[in-house]
Amino acid sequence: MSGNTAPRMKSEAGLLDIWRRLRKNPLAMFGLFIVVLLIFFAITADVIAPYKYYEQNLINSFQSPSKEHLFGTDEFGRDILSRIIHGSRISLQVGLIAVGISVIFGGFFGAVAGYYGGRIDNLIMRGMDILLSIPSILLAIAIAASLGPGLYNMMVAVGISTTPQYARIIRGSVLSLRGQEFVEAAKAVGSSDTRIIMKHILPNCLAPIIVQSTLGVASAILTAAGLSFIGLGIQPPTPEWGAMLSGGREYIRDYAYMTVFPGLAIMITILALNFLGDGLRDVLDPKLKR
Amino acid sequence: MENKKLLLDIQDLSIQYDTEGGTVHAVEHLNLTLEHGENLGFVGETGAGKTTTALGIMGLIPNPPGIIADGKIFFEGEDLLKKSERQMRDIRGGKIAMIFQDPMTSLNPVMTVDKQIAEMVLLHNDVSEQQALERAVEMLEMVGIKKERAHDFPHQFSGGMKQRVVIAIALACNPILLIADEPTTALDVTIQAQVLELMHELRRKINTSLIMITHDLGIVAEMCDKVAIMYAGRVVEYASTEALYNRPAHPYTEGLFNSIPDIDRDEEELKVIQGLLPDPTNLPSGCSFHPRCPYAIDSCSSDMPPMVEIEAGHFVACPVRFEHWKNAADGNGGVKR
Amino acid sequence: MNPNAKTIVEVNNLKKYFHTKKGMLHAVDDVSFAINKGETLGLVGESGCGKSTLGRVMIRLLEATSGEVKFWGNDILKYSSSKMKEMRKRVQIVFQDPYSSLNPRLAVSELIAEPLLVNKVFRSASERSKKILELMDTVGLAKRLVNSYPHELDGGRRQRIGIARSLALSPEFIVLDEPVSALDVCIQAQVLNLLNSLQKQFGYTYVFISHNLSVVKHVSDRIAVMYLGKIVEMSDYQSLFKEPLHPYTQALLSAIPIARVGQKRDRLILEGDVPSPIEPPEGCRFQGRCFYRQDICKEKTPELRELEPGRSVACHFARQLVRTNGR
């Protein structure tokens, strides 16, 4: 939209504008590139993977990286590269969706608790404290056990188990923002509570949310691996980075590459998300514009 | 003025801050003198460079990003800028003391007030702890705090009382020069009146020179003998309080006076200075006030106005107004407010 | 008081108490007054006297403990939340701190658009942007600033954004909560002139809250002086400054430093500090610091009484004080 006489006026933060500013940040663009690449691998895994991920060849087990098997083979002679490419499907889904669940639930409970305060705050946060007092892996096991095994149940379990951490962080930021005069100013012009939370409070606590959730992706992948290991997550032979990592642990002395490659995959993913997250945080903060 | 020995003589002082946005010229070729026992009011808006000048005198310019680019600061005849950090530490709090604006944050919250004063005394004097504590109680009584309260913590005092404690700390070592940076801005009017009264009283008791940094021309009228008006890092007018208030000469000074609603008069509209303070990274050429000045002529945008003495002890950096002044009724003294 | 004047706001026995750990804090304690259409009522007092709380309770940014706030005769404290939302268009507020009262993530146009969006004033975006530019023009903001963010602007311009927001819904009544306290004198003067000319142009009714007496005097038709949650004196600005009746007002006026040489007034220096508003004792709130204090002041709370038409004081000895102070 634009006025006839004046410079173009922005109504709400335009996506195009965000993209234009993100493009100027090379680290963020690198992060975005890697993330897009991983998503591409995940979608086209069946086509680009050199071998089938379940194809066993016991004669070829424990092969070091070579021309045929770029990342080597595991104890059953399966091609690690192919398993990593296929694994990106599960791992990316688990990481992103589980964190998404945590952010949505944690954000909701944290924002409500922090904004309304008083009894509601007490009720929600004591509930979160109870969840926090249980180690999150144990909590995830309990939830996954009650939901039954399976990919989606596992994501829900991992997501719920880390929700309290997000709720705490967001409540803290909301609490300090709630007292700001601009929140009162929004009330004075008749804004509803929902609008105030969505438009005025949450955008201002973006920085801690982004930091926490990019780090959260890594721990979600590893928690998911833990669940798979005890049989509550992904069932073999479906490949998954976390499970490959823990599976290769037994052979770490002799065949280090079995853990190095899935580890690298996780690391690169986290790093890319981190770069992208930091870039987004800066782009969305008008104080750092230009 | 030359026959008395100057306490403070600032010559051509320039202080800059290097920031991402460019070099901030906080103080530009500032000249200022202060005699023994004199009270100087230092007036200007936020960002005019008042506090930076004070920090420059104290040797407390944060470096980086700040640098003293040029100039000399003579204190009792010695250049402070040539002193080592060790020597400055002795001078700070000893011969020169400073009071900051916010009494709430300038006291240590976990230390009783007598200990805070005693600490200062111990730093600068060769006395026992017992003697220092006695001195602390003495100081507290001097600023009107009963000795029973000496062992209280800062949070047990109100804002006005805290500022008294801050004053007591500043005066504990009998400084020769006291720099007060907006000492009453954070206080309510009736409490401000108490603190100003106290400072008046202390002036009579101890012969300390004072630099009072403020934006309140009312406080200066009450407390100071001399006034320096600062604009964009420069002193634009410097005179005795009497001369400056009755015969302000610089257009900016005039604008400042016009901006304050007069409590004894009714005025429909305030005569305002148009525009905003200039960007300190990009000061206008020539006189930095010329874009906002109603009297500006062509040469103002190119020539840096020199300080001229328009009457004894009354200096103004505005040649245009100086001409007006000369042409106005002879001897009677130019522009009346 | 002008007999033709129409009362726009009437405040009756308004109270606002806060629960604190130390007890009940009486921020606003039984305050009553009326404001006429088109006038400016100045509300002065020192920090903690309850003036900002009073301003917020009057427009229901805070809920009152008891009492009435009548707007054109209707008690808005009894309004349902949907009716109050309608009401918000007619009563507005400008905040003290132009730094914290604007969301740092919104551009100038979004900030000014908010009241219009929230209240669905315009259906089309182009009408809305026209109005935004019009408002910016009204408060003296250059058009090129539409996409700027608050942190890029100085205090004066930010305060103009705050004013534009409050004007967006064409209110009748505006609470100005220390609108110029955070500004330098030159900018302060510019904003005061703006508020003045807006009032002339649109006939707004203002409540001007400030601790700065010279500013209050400059803008107000009538002035109410508050001390510890109560109004202690209320009068037209001229008589208040010429002949303050309440001892607190006298002390307050004498405490102002005057920007003129050789005009130092005889100060009435008050002893001590403002006492705590938590569980205040019986009797006159000012008795602890008052230089005319008598026994009765400890026992009986003085009511705000009208001494002469348009001049009210809450002091047991107001009549004597008139005589002793009359010049």
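Here we summarise the structure given alongside this text. Only a predicted model underlies this, so the values are computations on that prediction, with no experimental measurement involved.

As a further point, take a nonpolar patch on the surface. Together, V260(A), L264(A), M267(A), I268(A) and L271(A) give the surface a local cluster of nonpolar side chains, amounting to about 400 Å² of exposed area. The residue L271(A) is located in helix α12 (residues 257-284) in this model.

With that settled, the discussion passes to the interface of chain A and chain C. Every contact between the two is made by 34 residues of chain A and, on the other side, 36 residues of chain C. Between chain A and chain C, a total of about 3,200 Å² is buried, with carbon and sulfur atoms accounting for 55% of that surface. On inspection of chain A and its partner chain C, the count reaches three salt bridges. Across the pair R56(C) and E184(A) runs a salt bridge, and its minimum N-O distance is 2.5 Å. At the junction of chain A with chain C, the criterion picks out 15 residue pairs in polar contact (both at pLDDT 80 or more). The greatest single-element share of the side of chain A that touches chain C, amounting to seven residues, is contributed by helix α8 (residues 181-188) of chain A. Classifying every residue of the side of chain A that touches chain C gives 14 nonpolar, eight polar and twelve charged.

Read across the open sheet, the four strands follow the order β2-β1-β4-β5 (chain C); overall the sheet is antiparallel. Here the strands that pair on one side only, and so sit at the sheet edges, are β2 (23-36) and β5 (74-75) of chain C.

Soluble globular proteins tend to bury their nonpolar side chains together. Residues and elements named next belong to chain C. If you look at the biggest cluster of nonpolar residues, it comprises 72 residues, and the most contacted ones within it are M136, I163 and F208. At seven residues, helix α6 (residues 185-202) tops the list of elements feeding residues into this core. Leave out the neighbours within four places in its chain, and I163 touches V94, V139, V191, L194, L195 and L198.

On to helix α9 (residues 193-201) of chain A, then. Of all the positions in α9(A), only I196(A), I197(A), K199(A), H200(A) and I201(A) are classed as buried. Looking at the buried residues of α9(A), the elements they touch are α4 (80-116), α7 (151-178) and α8 of chain A together with α3 (108-118) of chain C.

With that settled, consider the interface of chain C and chain B. Taken together, the contacts link 43 residues of chain C with 43 residues of chain B. Summed over both sides, the interface of chain C with chain B buries roughly 3,700 Å², with 54% coming from carbon and sulfur. Among the residues chain C hides against chain B, the three largest losses belong to C186(C), R260(C) and V261(C). Together they make up 16% of the total. Where R260(C) meets D262(B), a salt bridge forms, and the shortest distance between an N and an O atom there is 2.4 Å. The tally of links from chain C across to chain B stands at nine residue pairs in polar contact (both at pLDDT 80 or more). For the side of chain C that touches chain B, the secondary structure elements donating two or more residues are α6, α7 (213-219), α8 (237-242) and α9 (247-254) of chain C. Top contributing element to the side of chain C that touches chain B by residue count: α6(C), with ten residues. Of the residues assigned to the side of chain C that touches chain B, the class counts are 19 nonpolar, eleven polar and 13 charged.

Here the structure, examined in full by the defined rule, presents 18 aromatic pairs over all chains. Ring geometry for Y115(A) and Y116(A): centres 5.1 Å apart, planes at 85 degrees, overall edge-to-face. Take Y116(A): its relative accessible area is 39%, and that puts it in the partly exposed class. The interplanar angle of 70 degrees and the centroid separation of 6.3 Å between the aromatic rings of Y255(A) and Y257(A) together place this pair among those described as edge-to-face. A connected cluster of aromatic rings, assembled from ring pairs, spans Y231(B), Y252(B) and F289(B). Against the face of Y295(B) rests R321(B), its NZ or CZ located 4.2 Å from the ring centre. Here the basic side chain of K217(C) rests over the ring of F241(C), its NZ or CZ set 5.8 Å away from the ring centre.

The rules behind each value
Residues numbered from 1 in each chain as written. Chains lettered and ligands numbered in written order. Predicted model: local features only at pLDDT ≥ 70, side-chain atom pairs only at ≥ 80, totals over all residues. Heavy atoms only, no water. Patch = residues over 30% accessible without salt bridge, like charges linked within 9 Å, V, L, I, M, F, W, Y side chains within 5 Å. Areas by Shrake-Rupley, 256 points an atom, 1.4 Å probe, with all protein chains shown as cover. Salt bridge = Lys/Arg side-chain N within 4 Å of Asp/Glu carboxyl O. Helix = DSSP H or I, 4+ residues; strand = E, 2+ residues; numbered from the N terminus. Contact = heavy atoms within 4.5 Å. Buried area = accessible area lost by both parts, 1.4 Å probe. Polar contact = N/O pair within 3.5 Å; in protein donor to acceptor, adjacent residues only side chain to side chain. Nonpolar A, V, L, I, M, F, W, Y, C, P; charged D, E, K, R; others polar. Pairing = 2+ DSSP bridges. Core = buried A, V, L, I, M, F, W, Y, C linked by side-chain atoms within 4.5 Å. Buried < 20%, exposed > 50% of the residue type's maximum accessible area, 1.4 Å probe, protein only. Phe/Tyr/Trp six-rings, centres within 6.5 Å; stacked < 30°, edge-to-face > 60°. Lys NZ or Arg CZ within 6 Å of the ring centre and 35° of its normal.

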